[in-house]
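Breakdown of the fold
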Amino acid sequence: MLTKDELSRIRNTWAEMFPDAQCELTHRNPLELTVAVVLSAQATDALVNKVTPALFEKYQTPEDYVQVSLEQLEQDIRSIGLFRSKAKNIKKLAQSVIEEYDGEIPRSKEDLEKLAGVGRKTANVVASVAFDEPAIAVDTHVERVSKRLGICRWKDSVLQVEKTLMKKIPKDEWSVTHHRMIFFGRYHCKAQSPKCAECPLVDICREGKKRMKKQGRQD
DNA sequence: ATCCCGAGGG
DNA sequence: CCCTCTGGAT
């Protein structure tokens, strides 16, 4: 397990590497953000951003999503993966926003999670990015980085990872740290080829030390 | 535990 | 070819 000093060193390193980390999904309002985050499941932000400009031009209100045919919406988001379930969820989500939330995306995580296609991770992103609520959304990057560095255990569930992070990071730093972890995972501690050789954290990283040793044997 | 599911990188 | 991408519902 990591010591308190090691944790703060990790957070300082992230802050130096990615001082301006923020949400990279293009959006102008809570509805656009919610749709973008739903679309981003198992897809890269870059891919989502290629589709959303035209999508948000065409669909500007929840009513627009309700009125369009399912087939048409599927075509409009086809290039993103999981397009059938996402199209269905977005229509359903828009419907309940109209019926139950007076046409506005709800602010609380509890209400957000009731929307179709919105689970804990998506609710955390919308609450924190659109409404400035402190939250740590645990996605594939945050989970991988936390486990490689030894911030949590390998077998931990995503919920356990989230709880551990919330416990070990000051509340007013949750949102920034969350985005820095995303950037760290996306651009540095990548799933396929992590940059361990040039990583300022290798000396305290279980996974990093393992990988460097393996590389040494091959040389 | 499994399915959904196209795009992009290696 | 294989792996991964800001997951969620069943």
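Source: prediction; values computed, not measured.

Some words on the UniProt feature "domain: HhH-GPD" (unreviewed entry) in chain A
- In this structure's numbering, the residues bearing the UniProt feature "domain: HhH-GPD" (unreviewed entry) are residues 39–187.
- Between the first and last C-alpha atoms of residues 39–187 the distance is 21 Å; the span itself is 67% helix and 0% strand.

Some words on the side chain of Thr34
- With respect to the helices and strands, Thr34 occurs in helix α2 (residues 30–39).
- Take Thr34: its relative accessible area is 1%, and that puts it in the buried class.
- If we skip the residues at most four places from it in the chain, Thr34 touches Leu93, Ile105, Val118 and Val126.

Observations regarding the protein's contact with DNA strand B
- Taken together, Gln42, Leu47, Lys50, Arg78, Ser79, Ile80, Gly81, Leu82, Phe83, Arg84 and Gln192 form the complete shell of residues around DNA strand B.
- In DNA strand B, atoms within 4 Å of the protein come from the sugar-phosphate backbone in 61% of cases.
- A distance of 3.0 Å separates a phosphate oxygen of DNA strand B from a polar atom in the side chain of Lys50.
- Listed by contribution, the elements that provide at least two residues to the surface near DNA strand B are α3 (45–58) and α6 (83–101).
- Here the surface near DNA strand B is built from residues that sort into four nonpolar, four polar and three charged.

Some points on α3
- For α3, with 14 residues, the first-to-last C-alpha span of 20 Å sits near the 20 Å given by 1.5 Å per residue.
- Residue Thr52 marks the point of greatest curvature in α3, where the axis turns by about 40°; the proline Pro53 follows within four residues.
- Asp45, Val48, Val51, Thr52, Leu55 and Phe56 are the residues of α3 that are buried.
- Of the surrounding elements, those touching the buried residues of α3 are α2, α4 (62–67), α5 (70–76) and α11 (174–188).

The rules behind these values
- Residues numbered from 1 in each chain as written.
- Chains lettered and ligands numbered in written order.
- Predicted model: local features only at pLDDT ≥ 70, side-chain atom pairs only at ≥ 80, totals over all residues.
- Heavy atoms only, no water.
- UniProt positions renumbered as here; feature names shortened; annotations may be inferred.
- Helix = DSSP H or I, 4+ residues; strand = E, 2+ residues; numbered from the N terminus.
- Buried < 20%, exposed > 50% of the residue type's maximum accessible area, 1.4 Å probe, protein only.
- Contact = heavy atoms within 4.5 Å.
- Near = heavy atom within 4 Å.
- Polar contact = N/O pair within 3.5 Å; in protein donor to acceptor, adjacent residues only side chain to side chain.
- Nonpolar A, V, L, I, M, F, W, Y, C, P; charged D, E, K, R; others polar.
- Expected span 1.5 Å × (residues − 1).
- Bend = angle between axes of the 7 residues up to and from the residue.

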